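# Survey of secondary and tertiary structure
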Amino acid sequence: MTDTKGSGSPNLSRRSLLKAGLATSGAVAAAGALPATARAGGDPLITEIQDWNRYLGAGVDEAPYGMPSEFEAHVVRRNVPWLTADTVASINFTPLHELDGIITPNGICFERHHGGVAEINPADHRLMINGLVDTPLVFTMKDLKRFPRENHVYFLECAANGGMEWRGSQLNGCQFTHGMIHNVMYTGVKLKTLLDEAGVKTNGKWLLPEGADAAHMTRSIPMEKALDDCLVAFKMNGEALRPEQGYPLRLVVPGWEGNMWVKWLRRLEVGDQPWHHREETSKYTDLLETGKARRFTWVMEPKSVITSPSPQAPVGHGKGPMVISGLAWSGNGRITRVDVSLDGGRNWTTARIDGPSLSKSLHRFYLDIDWDGSELLLQSRAMDEHGFYQPTKDELRAARGENSIYHNNGIQTWYVQKDGAVENVEVS
Ligand SMILES: Nc1nc2c(c(=O)[nH]1)N[C@H]1C(S)=C(S)[C@@H](COP(=O)(O)O)O[C@H]1N2
Ligand SMILES: [Mo]
């Protein structure tokens, strides 16, 4: 595949796979009997009464705020220690390989902070709007909760997601290659509602949101976007924002890179031009081969990854029915199609998108195959409602060189071995 815009129809015949040098059954629909381990009697877990079946369990007051089962203790955020010097200005990653559906549970949303987690009593929190407005305003959290609110599910992806993979495959697991993303339902007030309240002057073309953390994080956002679909959010997945996600208030900038989603939001300044941010000379720009940098690359382009099987989620069974599952997303809008290849991109078949298909939200896809136990080179490729396709890594490098860190939306390859182990590789 060399085109990134709409290719031919998917073709996954056994013959073409054989021709491609990878002998797989090519069965796309799981056929035959589904696995049932204890079909016949004799399994003591069925024939004997177990402890948990015999004794009373814990009562209702032992965990006023519930936690997952102790058997799920491995489902946690992880960081890559060598990536940053300390954990205060650092990043950790969502365990995508353990999740299903489209919503990220609040306790395992990846975190990125430049100055640690600010601890703020909501009673002491204020949001100020100043600059080129008719009436500068200050809101308390109570004030904000009296404006009409909305609920939206959006992904937040750090522009650096996949940044370590620009030059070649490096990190063994989609948690590390793709885990700087989360997808939650936000409850909040439209930014436009608040800006209208203050009255933006006609020369007010840019917005500077500022965080209350020690990093005083600021970003320049064009007024057009601010008035379009941005939210000032106080809830995620129904409950208050987690401290690490900006409690009590964060900016939501749908489809755009994570660094603009200012957490612990305390001020919105309206100006007539973009501010010069210290970071912008070195960070959040895309350095090209020529030495020039791309600035203002805000939209997160279409992207996808197979979350299972993947290096941290090897195939745990023999031949037969296998569920291939993954995530796809685009900052341009909805995902309309995801194709999956079992042979490193030679042949593609269209996967099934399941669950809500929402604009600028993660989409869950599945491909149910009948695995014949041979090696696979798994890839997925997302297309959004505007017809934009995810490029191969080679296409990305051809366009942008190898000096970039940000905005790597290249196609990921997982090498599934006969014993079910999975590795991060590249094919070209
Ligand atoms: N105030 C403040 N806002 C911030 C940051 C920060 O360090 N301070 N980090 C930004 C970056 S780079 C990203 S990717 C997202 C991460 O959001 P999360 O921690 O909810 O995943 O928050 C953004 N907002
Ligand atoms: Mo980021």
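Right above here is the structure, for reference.
Residues numbered from 1 in each chain as written. Chains lettered and ligands numbered in written order. Predicted model: local features only at pLDDT ≥ 70, side-chain atom pairs only at ≥ 80, totals over all residues. Heavy atoms only, no water.

On to the overall build of the chain, then. Across its full length, the chain carries 8 helices and 23 strands. A burial count over the chain gives 50% of its 428 residues as buried. (Helix = DSSP H or I, 4+ residues; strand = E, 2+ residues; numbered from the N terminus. Buried < 20%, exposed > 50% of the residue type's maximum accessible area, 1.4 Å probe, protein only.)

What follows deals with the site of ligand 1. In the vicinity of ligand 1 there are 21 residues, among which F110, H114, D213, R250 and K263 approach most closely. In the environment of ligand 1, an oxygen atom lies 2.7 Å from a nitrogen or oxygen atom belonging to the backbone of F110. With respect to ligand 1, the side chain of R250 contributes an N or O atom lying 2.7 Å from an oxygen atom. When the free accessible area of ligand 1 is taken as 530 Å², the share hidden by the protein chains comes to 100%. In a pocket analysis with a 2 Å cut-off to the grid points, ligand 1 is assigned to the largest cavity. For the shell around ligand 1, the class distribution of residues is 8 nonpolar, 7 polar and 6 charged. (Near = heavy atom within 4 Å. Polar contact = N/O pair within 3.5 Å; in protein donor to acceptor, adjacent residues only side chain to side chain. Areas by Shrake-Rupley, 256 points an atom, 1.4 Å probe, with all protein chains shown as cover. 1 Å grid on protein atoms, 1.4 Å probe; cavity = no way out; pocket = protein on both sides within 12 Å on 5 of 7 lines; lining within 4 Å. Sits in = over half its atoms within 2 Å of the grid points. Nonpolar A, V, L, I, M, F, W, Y, C, P; charged D, E, K, R; others polar.)

Turning our eyes to something else, we now look at the nonpolar core. Core analysis: the largest hydrophobic core is formed by 54 residues, its most contacted members being L127, Y186, L191, L194 and L207. Counting residues per element, this core draws most heavily on strand β9 (residues 231-236), at 5 residues. The residues touching Y186, leaving out its near neighbours within four places in the chain, are E150, N151, H152, Y154, L156, L231, A233, K235, R250, V252 and W261. Grouped together as the second largest cluster of nonpolar side chains are 30 residues, I324, V338, V340 and A382 included. (Core = buried A, V, L, I, M, F, W, Y, C linked by side-chain atoms within 4.5 Å. Contact = heavy atoms within 4.5 Å.)

Right, let's get into the pairing of strand β3 (residues 126-131). Pairing analysis gives 4 bridges linking β3 to strand β4 (residues 137-140), with the strands arranged antiparallel. Residue pairing across strands places R126 opposite T140, the latter belonging to β4. (Pairing = 2+ DSSP bridges.)

Next up on the list: the sheet that holds strand β16 (residues 320-329). Spatially, the 4 strands line up as an open sheet ordered β15-β16-β20-β19, and their pairing is antiparallel. Each of the sheet's edge strands pairs with one partner strand only, and the pair in question is β15 (303-308) and β19 (352-354). Across the sheet, the mean angle from the axis of one strand to that of its neighbour is 35°, orientation sign disregarded. Pairing of β19 with strand β20 (residues 363-371) involves 3 bridges; the strand directions are antiparallel. Within β20, the residue paired with D354 across the bridge is R364. (Axes fitted to C-alpha atoms, helices over the stretch in contact; angles between N-to-C directions.)

Right, let's talk about unusual backbone geometry for a bit. In the segment running from Y247 into P248, the intervening peptide bond is cis, with an omega of 5°. Along the chain, P248 turns up in the loop between β10 (239-240) and β11 (250-252). Residue P309 follows S308 across a cis peptide bond; omega there is 0°. Its place among the elements puts P309 in the loop between β15 and β16.

Any link to function would need more than the numbers given here.
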